[in-house]
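One letter stands for each residue in the lines below.
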Amino acid sequence: MKVAVVGSTGMVGQVMLKVLEERNFPVTELIPVASERSIGKQVKYKQVDYTIVSIDDAIAAKPDIAIFSAGGSTSLEYAPKFAEAGITVIDNSSAWRMDPTKKLVVPEINANVLTKEDKIIANPNCSTIQLVMVLGPLNKKYDLKRVIVSTYQSVTGTGKAAVDQLNAEIEGNDSVAKVYPYQIFKNALPHCDVFADDDYTKEEIKLMKEPKKILGDDTFNLTATAVRVPVQGGHSESVNIEFENEFELDEVRKILSETPGVIVMDNVKNNEYPMPLYSEGKDEVFVGRIRRDLSQPKTLNLWIVADNLRKGAATNAVQIAEYLVANNLV
(Lines give C-alpha, C1' and ligand atoms only; values in the text may rest on other atoms or scores of the structure.)
Protein backbone atom coordinates (compact mmCIF):
# COMPACT_ATOMS: atom_id res chain seq x y z
CA MET A 1 0.00 0.00 0.00
CA LYS A 2 1.81 3.08 -1.31
CA VAL A 3 0.56 6.28 0.30
CA ALA A 4 1.41 9.84 -0.74
CA VAL A 5 0.85 12.70 1.71
CA VAL A 6 0.67 15.95 -0.26
CA GLY A 7 1.42 18.89 2.02
CA SER A 8 3.37 16.71 4.44
CA THR A 9 5.23 19.61 6.09
CA GLY A 10 2.13 21.64 7.00
CA MET A 11 0.26 21.51 10.32
CA VAL A 12 -2.40 19.10 9.05
CA GLY A 13 0.11 17.11 6.98
CA GLN A 14 2.25 16.54 10.04
CA VAL A 15 -0.79 15.33 12.00
CA MET A 16 -1.74 13.06 9.06
CA LEU A 17 1.64 11.34 9.31
CA LYS A 18 1.15 11.01 13.06
CA VAL A 19 -2.36 9.56 12.69
CA LEU A 20 -1.29 7.11 9.95
CA GLU A 21 1.39 5.86 12.35
CA GLU A 22 -0.82 5.75 15.45
CA ARG A 23 -3.59 3.86 13.67
CA ASN A 24 -1.06 1.52 12.06
CA PHE A 25 -2.41 2.14 8.58
CA PRO A 26 -0.88 -0.50 6.22
CA VAL A 27 1.67 1.78 4.57
CA THR A 28 4.33 -0.21 2.72
CA GLU A 29 5.83 2.88 1.09
CA LEU A 30 5.38 6.50 2.14
CA ILE A 31 5.72 9.25 -0.46
CA PRO A 32 5.89 12.65 1.26
CA VAL A 33 5.17 15.64 -0.98
CA ALA A 34 5.57 19.35 -0.25
CA SER A 35 6.28 22.64 -1.99
CA GLU A 36 9.37 23.12 -4.14
CA ARG A 37 11.35 24.74 -1.34
CA SER A 38 10.97 21.56 0.75
CA ILE A 39 11.95 19.03 -1.95
CA GLY A 40 14.95 17.01 -0.80
CA LYS A 41 14.28 17.66 2.88
CA GLN A 42 13.13 14.84 5.11
CA VAL A 43 10.14 13.94 7.25
CA LYS A 44 10.06 11.20 9.86
CA TYR A 45 7.52 8.38 9.83
CA LYS A 46 7.78 5.39 12.18
CA GLN A 47 11.33 6.41 13.11
CA VAL A 48 12.41 6.34 9.44
CA ASP A 49 13.43 9.43 7.45
CA TYR A 50 11.68 9.85 4.10
CA THR A 51 12.81 12.34 1.46
CA ILE A 52 10.24 14.85 0.25
CA VAL A 53 9.58 14.63 -3.48
CA SER A 54 7.82 16.83 -6.02
CA ILE A 55 4.16 16.36 -6.77
CA ASP A 56 4.95 15.18 -10.31
CA ASP A 57 7.37 12.57 -8.96
CA ALA A 58 4.63 11.41 -6.59
CA ILE A 59 2.25 10.82 -9.51
CA ALA A 60 4.96 8.90 -11.32
CA ALA A 61 5.45 6.71 -8.24
CA LYS A 62 1.83 5.51 -8.63
CA PRO A 63 0.69 5.43 -5.00
CA ASP A 64 -2.58 3.64 -4.20
CA ILE A 65 -3.85 6.57 -2.14
CA ALA A 66 -2.88 10.25 -2.04
CA ILE A 67 -4.03 12.30 0.94
CA PHE A 68 -4.00 16.00 0.10
CA SER A 69 -3.66 18.89 2.54
CA ALA A 70 -1.96 21.48 0.39
CA GLY A 71 -4.66 24.07 -0.32
CA GLY A 72 -7.45 24.41 -2.84
CA SER A 73 -5.43 25.60 -5.83
CA THR A 74 -3.03 22.65 -5.56
CA SER A 75 -5.96 20.24 -5.26
CA LEU A 76 -7.79 21.72 -8.23
CA GLU A 77 -4.69 21.41 -10.40
CA TYR A 78 -3.27 18.09 -9.27
CA ALA A 79 -6.06 15.91 -7.85
CA PRO A 80 -7.42 15.21 -11.37
CA LYS A 81 -3.90 14.28 -12.54
CA PHE A 82 -3.60 11.73 -9.70
CA ALA A 83 -7.09 10.44 -10.47
CA GLU A 84 -6.26 10.06 -14.17
CA ALA A 85 -3.28 7.91 -13.13
CA GLY A 86 -5.67 5.62 -11.22
CA ILE A 87 -4.72 7.00 -7.79
CA THR A 88 -7.47 7.58 -5.21
CA VAL A 89 -7.28 11.11 -3.77
CA ILE A 90 -8.65 12.09 -0.37
CA ASP A 91 -8.64 15.88 -0.40
CA ASN A 92 -8.71 18.02 2.71
CA SER A 93 -9.22 21.38 0.93
CA SER A 94 -12.54 23.02 0.04
CA ALA A 95 -11.86 22.55 -3.68
CA TRP A 96 -14.15 19.56 -4.33
CA ARG A 97 -16.54 19.54 -1.40
CA MET A 98 -19.58 20.96 -3.14
CA ASP A 99 -18.82 19.46 -6.56
CA PRO A 100 -21.93 17.35 -7.29
CA THR A 101 -19.75 14.66 -8.91
CA LYS A 102 -17.61 14.19 -5.77
CA LYS A 103 -18.50 12.49 -2.48
CA LEU A 104 -18.16 14.45 0.77
CA VAL A 105 -17.53 11.92 3.52
CA VAL A 106 -17.53 11.54 7.30
CA PRO A 107 -17.01 7.77 7.61
CA GLU A 108 -19.26 7.21 10.67
CA ILE A 109 -22.10 9.01 8.88
CA ASN A 110 -21.97 8.25 5.16
CA ALA A 111 -18.99 6.10 4.14
CA ASN A 112 -21.44 3.72 2.46
CA VAL A 113 -21.73 6.16 -0.47
CA LEU A 114 -18.15 5.37 -1.58
CA THR A 115 -17.40 3.16 -4.60
CA LYS A 116 -14.33 2.07 -6.56
CA GLU A 117 -15.18 4.74 -9.12
CA ASP A 118 -14.64 7.56 -6.61
CA LYS A 119 -11.11 8.74 -7.39
CA ILE A 120 -11.42 12.17 -5.75
CA ILE A 121 -13.07 12.09 -2.32
CA ALA A 122 -13.60 15.30 -0.38
CA ASN A 123 -12.83 15.62 3.33
CA PRO A 124 -15.32 18.08 4.89
CA ASN A 125 -14.57 21.33 6.68
CA CYS A 126 -13.34 20.79 10.25
CA SER A 127 -16.33 22.50 11.86
CA THR A 128 -18.73 20.57 9.63
CA ILE A 129 -17.28 17.19 10.63
CA GLN A 130 -17.87 17.56 14.36
CA LEU A 131 -21.31 19.06 13.72
CA VAL A 132 -22.60 16.24 11.49
CA MET A 133 -21.24 13.61 13.90
CA VAL A 134 -24.00 14.84 16.22
CA LEU A 135 -26.63 15.93 13.69
CA GLY A 136 -26.50 12.64 11.76
CA PRO A 137 -27.88 10.23 14.36
CA LEU A 138 -30.34 12.82 15.72
CA ASN A 139 -31.69 13.55 12.24
CA LYS A 140 -32.44 9.85 11.72
CA LYS A 141 -34.48 9.73 14.90
CA TYR A 142 -36.17 13.13 15.14
CA ASP A 143 -35.92 14.74 11.67
CA LEU A 144 -34.06 18.07 11.59
CA LYS A 145 -36.08 21.22 10.91
CA ARG A 146 -33.62 24.05 11.67
CA VAL A 147 -30.08 24.30 13.04
CA ILE A 148 -28.36 27.42 14.40
CA VAL A 149 -24.63 27.01 15.02
CA SER A 150 -22.11 29.44 16.49
CA THR A 151 -18.49 28.30 16.38
CA TYR A 152 -15.53 29.23 18.58
CA GLN A 153 -12.60 28.17 16.43
CA SER A 154 -8.97 27.50 17.31
CA VAL A 155 -6.18 29.48 15.67
CA THR A 156 -4.73 26.15 14.50
CA GLY A 157 -7.51 26.17 11.89
CA THR A 158 -5.71 29.04 10.18
CA GLY A 159 -2.28 27.41 10.33
CA LYS A 160 1.14 27.78 11.86
CA ALA A 161 1.40 31.52 11.17
CA ALA A 162 -1.72 32.11 13.26
CA VAL A 163 -0.32 30.06 16.14
CA ASP A 164 2.88 32.11 15.87
CA GLN A 165 0.85 35.33 15.97
CA LEU A 166 -1.03 34.25 19.10
CA ASN A 167 2.12 33.14 20.92
CA ALA A 168 3.95 36.32 19.95
CA GLU A 169 1.08 38.47 21.24
CA ILE A 170 1.04 36.51 24.50
CA GLU A 171 4.76 37.29 24.85
CA GLY A 172 4.27 40.95 23.90
CA ASN A 173 6.29 40.53 20.69
CA ASP A 174 5.12 42.81 17.86
CA SER A 175 7.66 41.65 15.28
CA VAL A 176 5.74 38.56 14.08
CA ALA A 177 3.62 38.99 10.94
CA LYS A 178 -0.11 39.12 11.60
CA VAL A 179 -2.44 36.81 9.69
CA TYR A 180 -5.56 38.28 11.31
CA PRO A 181 -6.74 41.89 10.82
CA TYR A 182 -6.63 42.40 14.61
CA GLN A 183 -4.80 40.89 17.55
CA ILE A 184 -6.22 37.50 18.57
CA PHE A 185 -4.82 37.37 22.13
CA LYS A 186 -7.50 38.52 24.63
CA ASN A 187 -9.87 38.87 21.70
CA ALA A 188 -12.53 37.07 19.63
CA LEU A 189 -12.90 37.74 15.91
CA PRO A 190 -16.30 37.11 14.27
CA HIS A 191 -14.35 36.54 11.08
CA CYS A 192 -13.23 33.06 9.89
CA ASP A 193 -12.03 33.02 6.26
CA VAL A 194 -13.02 35.83 3.86
CA PHE A 195 -16.35 37.63 3.57
CA ALA A 196 -18.62 36.83 0.64
CA ASP A 197 -20.99 39.26 -1.09
CA ASP A 198 -23.83 38.36 1.31
CA ASP A 199 -21.66 39.32 4.35
CA TYR A 200 -21.30 35.72 5.49
CA THR A 201 -17.77 34.35 5.67
CA LYS A 202 -16.70 31.38 3.58
CA GLU A 203 -16.44 29.34 6.79
CA GLU A 204 -20.07 30.09 7.61
CA ILE A 205 -21.16 29.21 4.07
CA LYS A 206 -19.33 25.85 4.30
CA LEU A 207 -21.13 25.14 7.57
CA MET A 208 -24.49 25.97 6.00
CA LYS A 209 -24.02 23.84 2.87
CA GLU A 210 -21.82 20.85 3.69
CA PRO A 211 -23.99 19.12 6.34
CA LYS A 212 -26.89 18.85 3.90
CA LYS A 213 -24.69 17.08 1.34
CA ILE A 214 -23.18 14.70 3.90
CA LEU A 215 -26.55 13.82 5.42
CA GLY A 216 -28.18 13.57 1.98
CA ASP A 217 -30.94 15.83 3.26
CA ASP A 218 -31.74 19.35 2.14
CA THR A 219 -35.10 19.59 3.89
CA PHE A 220 -33.79 21.42 6.96
CA ASN A 221 -32.47 24.97 7.34
CA LEU A 222 -29.07 25.83 8.82
CA THR A 223 -27.47 29.16 9.68
CA ALA A 224 -24.04 29.85 11.16
CA THR A 225 -21.78 32.42 12.79
CA ALA A 226 -18.08 31.50 12.93
CA VAL A 227 -15.78 33.12 15.49
CA ARG A 228 -12.00 32.82 15.91
CA VAL A 229 -10.84 32.61 19.54
CA PRO A 230 -7.37 32.54 21.16
CA VAL A 231 -7.36 28.77 21.65
CA GLN A 232 -5.03 26.09 20.24
CA GLY A 233 -6.69 22.84 21.30
CA GLY A 234 -9.78 22.51 19.12
CA HIS A 235 -13.01 23.99 17.83
CA SER A 236 -16.14 24.48 19.96
CA GLU A 237 -19.71 24.88 18.73
CA SER A 238 -22.89 26.09 20.39
CA VAL A 239 -25.72 24.40 18.52
CA ASN A 240 -29.48 24.96 18.64
CA ILE A 241 -31.46 22.20 16.90
CA GLU A 242 -35.18 22.34 16.13
CA PHE A 243 -36.71 18.97 15.21
CA GLU A 244 -39.90 18.01 13.40
CA ASN A 245 -40.56 15.40 16.12
CA GLU A 246 -40.57 15.45 19.92
CA PHE A 247 -37.62 14.05 21.87
CA GLU A 248 -36.64 13.00 25.39
CA LEU A 249 -33.30 14.19 26.76
CA ASP A 250 -32.34 10.76 28.12
CA GLU A 251 -32.95 9.25 24.71
CA VAL A 252 -30.86 11.97 23.03
CA ARG A 253 -27.98 11.20 25.38
CA LYS A 254 -28.37 7.46 24.74
CA ILE A 255 -28.36 7.90 20.95
CA LEU A 256 -25.26 10.06 21.05
CA SER A 257 -23.42 7.84 23.53
CA GLU A 258 -24.02 4.87 21.19
CA THR A 259 -22.71 6.77 18.14
CA PRO A 260 -19.19 5.60 17.18
CA GLY A 261 -16.68 8.41 17.59
CA VAL A 262 -18.89 10.49 19.89
CA ILE A 263 -18.34 10.84 23.65
CA VAL A 264 -21.10 12.34 25.78
CA MET A 265 -19.57 14.50 28.52
CA ASP A 266 -22.60 15.95 30.20
CA ASN A 267 -22.62 16.07 33.99
CA VAL A 268 -22.98 19.70 35.00
CA LYS A 269 -23.29 18.83 38.69
CA ASN A 270 -19.63 17.80 38.55
CA ASN A 271 -18.69 20.55 36.07
CA GLU A 272 -18.18 17.95 33.33
CA TYR A 273 -18.59 19.37 29.84
CA PRO A 274 -16.50 19.40 26.65
CA MET A 275 -13.60 21.82 26.34
CA PRO A 276 -10.81 22.32 23.76
CA LEU A 277 -8.32 21.70 26.56
CA TYR A 278 -9.73 18.19 26.90
CA SER A 279 -10.19 17.41 23.20
CA GLU A 280 -6.67 18.31 22.07
CA GLY A 281 -4.85 15.30 20.67
CA LYS A 282 -7.97 13.11 20.70
CA ASP A 283 -9.97 11.70 17.78
CA GLU A 284 -13.42 11.70 19.34
CA VAL A 285 -16.13 14.35 19.13
CA PHE A 286 -17.27 15.46 22.58
CA VAL A 287 -20.82 16.66 23.24
CA GLY A 288 -22.37 18.10 26.39
CA ARG A 289 -24.56 20.87 27.87
CA ILE A 290 -27.47 18.88 26.42
CA ARG A 291 -30.69 20.66 27.39
CA ARG A 292 -34.06 21.74 26.09
CA ASP A 293 -34.51 25.15 24.50
CA LEU A 294 -37.06 26.64 26.91
CA SER A 295 -38.15 29.26 24.37
CA GLN A 296 -39.85 26.88 21.91
CA PRO A 297 -40.92 23.23 21.59
CA LYS A 298 -39.02 20.33 19.97
CA THR A 299 -35.76 22.27 20.25
CA LEU A 300 -32.44 21.26 21.77
CA ASN A 301 -29.30 23.12 22.85
CA LEU A 302 -25.92 21.43 23.04
CA TRP A 303 -22.16 22.09 22.93
CA ILE A 304 -19.76 20.19 20.65
CA VAL A 305 -15.94 20.17 20.83
CA ALA A 306 -13.32 18.35 18.75
CA ASP A 307 -9.65 18.65 17.84
CA ASN A 308 -9.84 20.36 14.45
CA LEU A 309 -6.47 19.03 13.29
CA ARG A 310 -7.40 15.43 14.10
CA LYS A 311 -11.08 14.45 13.65
CA GLY A 312 -11.61 17.80 11.94
CA ALA A 313 -8.99 17.01 9.29
CA ALA A 314 -6.28 14.34 9.49
CA THR A 315 -8.10 11.56 11.34
CA ASN A 316 -11.22 11.84 9.19
CA ALA A 317 -9.07 11.58 6.04
CA VAL A 318 -7.25 8.52 7.37
CA GLN A 319 -10.57 6.95 8.39
CA ILE A 320 -11.75 7.37 4.78
CA ALA A 321 -8.58 5.60 3.64
CA GLU A 322 -9.19 2.82 6.18
CA TYR A 323 -12.72 2.33 4.86
CA LEU A 324 -11.47 2.16 1.28
CA VAL A 325 -8.92 -0.53 2.22
CA ALA A 326 -11.33 -2.52 4.41
CA ASN A 327 -13.94 -2.61 1.63
CA ASN A 328 -11.51 -3.35 -1.24
CA LEU A 329 -12.23 -0.01 -2.92
CA VAL A 330 -8.54 0.68 -3.65
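Residues numbered from 1 in each chain as written. Predicted model: local features only at pLDDT ≥ 70, side-chain atom pairs only at ≥ 80, totals over all residues. Heavy atoms only, no water.

Draft legend 1. View of the overall build of the protein. Across its full length, the protein holds ten helices and 14 strands. Rg of the C-alpha trace for the protein: 20 Å, near the compact-globule value of 20 Å for 330 residues, within the 12% margin. Dimensions of the protein along its principal axes, counting C-alpha atoms only, are 60 × 50 × 40 Å. Of all 330 residues assigned to the protein, the portion counted as buried reaches 52%. Considering only contacts in the protein between residues 6 or more positions apart, those separated by 24 or more positions represent 67%. As presented, the protein carries roughly 14900 Å² of accessible surface, and 48% of it is formed by carbon and sulfur atoms. Distance between charge centres in the protein, computed from 37 positive and 45 negative side chains, equals 1 Å. (Helix = DSSP H or I, 4+ residues; strand = E, 2+ residues; numbered from the N terminus. Rg over C-alpha atoms; globule rule 2.2 N^0.38 Å. Buried < 20%, exposed > 50% of the residue type's maximum accessible area, 1.4 Å probe, protein only. Contact = heavy atoms within 4.5 Å. Areas by Shrake-Rupley, 256 points an atom, 1.4 Å probe, with all protein chains shown as cover. Lys, Arg positive; Asp, Glu negative; His and termini not counted. Charge placed at Lys NZ, Arg CZ, Asp CG, Glu CD.)

Draft legend 2. Inspection of the UniProt feature "binding site: phosphate" (unreviewed entry) in the protein at higher detail. Per the UniProt record, the feature "binding site: phosphate" (unreviewed entry) sits at Arg97. Along the chain, the position of Arg97 falls in the loop between strand 6 (88-91) and strand 7 (103-104). On the basis of relative accessibility, which here comes to 5%, the residue Arg97 falls in the buried class. Excluding its chain neighbours within four sequence positions, the residues that come into contact with Arg97 are Asn92, Leu104, Ala122, Asn123, Pro124, Asn125, Lys206, Glu210 and Lys213. (UniProt positions renumbered as here; feature names shortened; annotations may be inferred.)

Draft legend 3. Quick peek at the nonpolar core. Among the nonpolar cores identified, the biggest contains 55 residues, and Phe82, Leu138, Ile241, Leu256 and Leu302 are the most heavily contacted of them. Looking at which element gives the most residues to this core, the answer is helix 5 (residues 126-142), with eight residues. Per-domain counts for this core show at least three residues from each of domain 1 (1-122 + 312-325) and domain 2 (125-304). Ignoring anything within four residues of it in the chain, the contact list for Leu302 reads Val134, Leu138, Glu237, Ser238, Val239, Ile241, Leu256, Val287, Gly288, Arg289, Ile290 and Arg291. (Core = buried A, V, L, I, M, F, W, Y, C linked by side-chain atoms within 4.5 Å. Domains from an automatic or database assignment.)

Draft legend 4. The sheet that holds strand 14 (residues 299-306), seen in detail. Strand order in this open sheet of six strands is 10-9-11-14-13-12, and the pairing throughout is mixed. Strand pairing shows two members of the sheet lacking a second neighbour, strand 10 (221-228) and strand 12 (262-264), which therefore form its edges. Taken pair by pair, the neighbouring strands of this sheet meet at an average axis angle of 20°, ignoring direction. Pairing of strand 13 (residues 285-292) with strand 14, which is carried by five bridges, proceeds in the antiparallel orientation. Looking at strand 14, one finds that Phe286 is bridged to Val305. (Pairing = 2+ DSSP bridges. Axes fitted to C-alpha atoms, helices over the stretch in contact; angles between N-to-C directions.)

Draft legend 5. Structural view of the pattern of salt bridges. According to the stated counting rule, one finds 20 salt bridges in the structure shown. In this structure, Glu251 engages Lys141 in a salt bridge whose closest nitrogen and oxygen atoms are separated by 3.6 Å. Residue Glu251 is located in helix 8 (residues 249-257), and its partner Lys141 is located in helix 5; the two are separated by 110 residues in the primary sequence. By relative accessible area, Glu251 is classed as partly exposed at 31%. The partner of Glu203 in a salt bridge is Lys206, with the nearest N and O atoms 3.9 Å apart. Here Lys206 and Glu203 lie together in helix 7 (residues 202-215), a separation of three residues that amounts to about one turn. For the pair shown, Glu203 and Lys206 are each scored as buried. (Salt bridge = Lys/Arg side-chain N within 4 Å of Asp/Glu carboxyl O.)

Draft legend 6. Up close: helix 7. Its 14 residues give helix 7 an end-to-end C-alpha distance of 20 Å, which sits within 8% of 20 Å, the value for a rise of 1.5 Å per residue. Of all the bends in helix 7, the greatest, near 25°, is centred on Lys209, and the proline Pro211 appears no more than four residues after it. Judged by how many residues are buried, helix 7 sits mostly within the fold: ten of 14 residues are covered. Among the residues making up helix 7, those that are buried are Glu203, Glu204, Ile205, Lys206, Leu207, Met208, Glu210, Pro211, Ile214 and Leu215. Structurally, helix 7 contributes buried residues whose contacts are with strand 7, helix 4 (107-110), helix 5, strand 9 (144-153), strand 10 and strand 11 (235-243). Gly216 lies just past helix 7 and shows a positive phi near 65°. (Expected span 1.5 Å × (residues − 1). Bend = angle between axes of the 7 residues up to and from the residue.)

Draft legend 7. A look at the UniProt feature "active site" (unreviewed entry) in the protein. Look at the UniProt record and you will see "active site" (unreviewed entry) annotated at Cys126 and His235. Spanning 110 residues, the named residues nonetheless gather at one spot, since no C-alpha pair among them exceeds 8.2 Å. By the secondary structure assignment, Cys126 is in helix 5. Overall, Cys126 belongs to the buried group, its relative accessible area being 13%. For Cys126, the residues in contact, after removing those within four places along its chain, are Glu203, His235, Asn308 and Gly312.

Draft legend 8. Summary view of the sheet that holds strand 2 (residues 29-33). Strand order in the open sheet formed by six strands is 2-1-5-6-8-7, and the pairing between neighbours is parallel. Among the strands making up the open sheet, the edge pair consists of strand 2 and strand 7. Sheet topology places strand 5 (residues 65-68) next to strand 6; four bridges connect them, and they run parallel. Each bridged residue has a counterpart across the sheet, and for Phe68 the counterpart in strand 6 is Asp91.

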